[in-house]
Amino acid sequence: MEKKPLRLETERFKHILIKAYQRGELSTNITAKDMVQELAHQLKQVFKRDN
């Protein structure tokens, strides 16, 4: 029964990572620190919605 919610979380996480990767590929001036901070912010938003 827990597989469906876990699958949805995995898909959302993959989507966030893919968007961040694509943004990094397109931007020549983004730093690793900026990317990690943005990822953390996006993931925080996801976890806030789930609580």
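Starting afresh in each chain, residues are numbered from 1 along the sequence in its written order. Reporting of local features is limited, given that this is a predicted model, to residues whose pLDDT is at least 70; pairs of side-chain atoms are given and counted only at 80 or more, and all residues count toward the totals for whole chains, interfaces and linings. As a convention, hydrogens and water are excluded, and side-chain values are obtained from all of the structure's heavy atoms.

Caption draft 1: Seen up close, the overall build of the protein chain. Helix and strand labels come from DSSP, where a helix needs a run of H or I of at least four residues and a strand needs a run of E of at least two; each type is numbered from the N terminus. Broken down by element type, the protein chain carries 2 helices and 0 strands. Note on classification: 1.4 Å probe, protein chains only; a residue is buried when its accessible area is under 20% of the maximum for its type, exposed when over 50%, partly exposed between these limits. When each of the 51 residues of the protein chain is scored for burial, the buried share is 12%. Split by element, the accessible area of the protein chain, about 4,800 Å² in all, is 59% carbon and sulfur. To measure how exposed things are, a 1.4 Å probe is used in the Shrake-Rupley method; for residues, cover is taken only from the protein chains shown.

Caption draft 2: Inspection of the pattern of salt bridges at higher detail. Salt bridges are identified by distance alone: a Lys or Arg side-chain nitrogen within 4 Å of an Asp or Glu carboxyl oxygen. In total, this model carries 1 salt bridge according to the counting rule given. Where Glu 11 meets Lys 14, a salt bridge forms, and the shortest distance between an N and an O atom there is 3.1 Å. Residue Glu 11 and its partner Lys 14 are located together in helix α1 (residues 3–26), separated by 3 residues, close to a single helical turn.

By themselves, these are just geometric observations and shouldn't be taken as functional.
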